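So you can see what is in the structure, the chains are spelled out below.
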Amino acid sequence: MTALVDIELELITRATARWPDSVVRDELDNSLLSELPTIQIEQIPGGGDDGLRLSRPVVDINVYAATRADAIALAGEVHDWVTRDLRGSVSTNAVIGRTSCLSLPAARPYENTALRRVGATYELFCHPVS
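Residues numbered from 1 in each chain as written. Predicted model: local features only at pLDDT ≥ 70, side-chain atom pairs only at ≥ 80, totals over all residues. Heavy atoms only, no water.

### Regarding unusual backbone geometry
For the bond running from leucine 36 to proline 37, omega is -5°, close enough to zero to count as cis. As for its position among the elements, proline 37 is in the loop between strand 1 (23-25) and strand 2 (38-49). (Helix = DSSP H or I, 4+ residues; strand = E, 2+ residues; numbered from the N terminus.)

What follows is the structure in structure tokens.
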């Protein structure tokens, strides 16, 4: 049986340290407008594992900001973080190997016109630390 990494918790912990002025979470709440910028990290259906140790989660990362320009800029930073900085990184809980972007950062509709959302979808290969 594959030992799975809680990839949402792992990425939220790392992103909180990387962007201390942003709120990083998995679920949104009613106070979103007062918590901008927000980075939302959610594992989505998909991915797989090798049946031994290596898992391949698929993660959606949405950035919410007051303006489209701010959301695009932060989403670009997140993209570079996932595809460059996370690749080959180790924490006390997980080793993240290869990373890739499945869907590039792009504006995504959101029903509240007081903020803007830009999101992307990523694939990560990871396993728990031995």
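There's more to say after this.
### Regarding the pattern of salt bridges
Taken as a whole, this structure holds seven salt bridges when the rule is applied. Between glutamate 123 and arginine 98 there is a salt bridge whose closest N-O contact spans 3.5 Å. Highlighted residues: glutamate 123 in strand 6 (residues 116-128) and arginine 98 in strand 5 (residues 94-108), separated in sequence by 25 residues. A relative accessible area of 10% means that glutamate 123 is categorised as buried. Here the salt bridges do not stand alone but share partners, grouping Arg25, Asp29 and Glu35 into one network. (Salt bridge = Lys/Arg side-chain N within 4 Å of Asp/Glu carboxyl O. Buried < 20%, exposed > 50% of the residue type's maximum accessible area, 1.4 Å probe, protein only.)

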